[in-house]
Amino acid sequence: MTAQPDHPADRPGGAPPMGTLAQLRAALSEWGFPGDRQRFEQELDATDLDDLTTVRELAQAYRHRVLLRCDGQGMAALARSSEDVHAELRRKMAEANPR
């Protein structure tokens, strides 16, 4: 029997729990991109907590950043150079519009 990962984000496709603001803060501290936790706190401090739509959108945006960080394919996509992306787009456009 093999040892199971201690943290959900250590499992392939897994992510840390982020159902509460406390859990989101913990996930940002451990799994977020550098500076994410501080920017989240600054944006949350500047948000009217009675504006639940804005609070929800802010939480969703930062949850997405953690999920991206825990996703190997997402991180690989972020690591691609602009020239690599441009070359792929040119190739796909040429395939879609043969002359």
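The numbers attached to residues start from 1 for each chain and follow its sequence in the written order. Restriction of local features to residues with pLDDT of at least 70 applies here, the model being predicted, together with a cutoff of 80 or more for giving and counting side-chain atom pairs; totals for whole chains, interfaces and linings are based on all residues. Computation of side-chain values: all heavy atoms of the structure, hydrogens and water removed.

A. Seen up close, the nonpolar core. The definition of a nonpolar core used throughout is a set of buried Ala, Val, Leu, Ile, Met, Phe, Trp, Tyr and Cys residues joined through side-chain atoms within 4.5 Å. Burial here depends on accessible area, computed with a 1.4 Å probe over protein chains only, as a share of the maximum for the residue type. Under 20% is buried, over 50% is exposed, and the range in between is partly exposed. M18, L24, A27, L28, W31, F40, L44, L58, A59, Y62, V66 and C70 form the largest nonpolar core, which has 12 residues in total. Numbering of helices and strands runs from the N terminus, with a helix taken as a DSSP run of H or I at least four residues long and a strand as a DSSP run of E at least two residues long. At the level of secondary structure, the elements contributing two or more residues to this core comprise α1 (21–31), α2 (36–45) and α3 (52–70). Sort the elements by how many residues they give to this core and α3 lands first, with 5 residues.

B. Summary view of α3. What a helix is expected to span follows from its residue count: subtract one and scale by 1.5 Å. Here α3 contains 19 residues, and its C-alpha end-to-end distance of 27 Å stays within 8% of the 27 Å for a straight helix at 1.5 Å per residue. Regarding α3, the residues found buried are V55, L58, A59, Y62, V66 and C70. For α3, the arc enclosing every buried residue in end-on projection is 120 degrees, short of the 170-degree limit, so these residues lie on one face. Contact criterion: two residues are considered in contact whenever any of their non-hydrogen atoms come within 4.5 Å of each other. Its buried side turned inward, α3 meets α1, α2 and α4 (72–79). By definition, the arc is the one covered by directions from the helix axis to the C-beta atoms.

C. Region of the structure containing a negative patch on the surface. Here, patches come from residues exposed beyond 30% relative accessible area and free of salt bridges, joined within 9 Å for like charges and within 5 Å for nonpolar side chains (Val, Leu, Ile, Met, Phe, Trp, Tyr). Using the Shrake-Rupley algorithm and a 1.4 Å probe, accessible areas are obtained, with residue cover drawn only from the displayed protein chains. Should a side-chain nitrogen of Lys or Arg be within 4 Å of a carboxyl oxygen of Asp or Glu, the pair is scored as a salt bridge. In summary, the charge assignment counts Lys and Arg as positive and Asp and Glu as negative, without counting His or the chain termini. Note on charges: their place is set at NZ of Lys, CZ of Arg, CG of Asp or CD of Glu. A grouping of D48, D50, D51 and E57 is seen on the molecular surface, where their side chains present a negatively charged patch. Mapped onto the elements, D48 comes out in the loop between α2 and α3.

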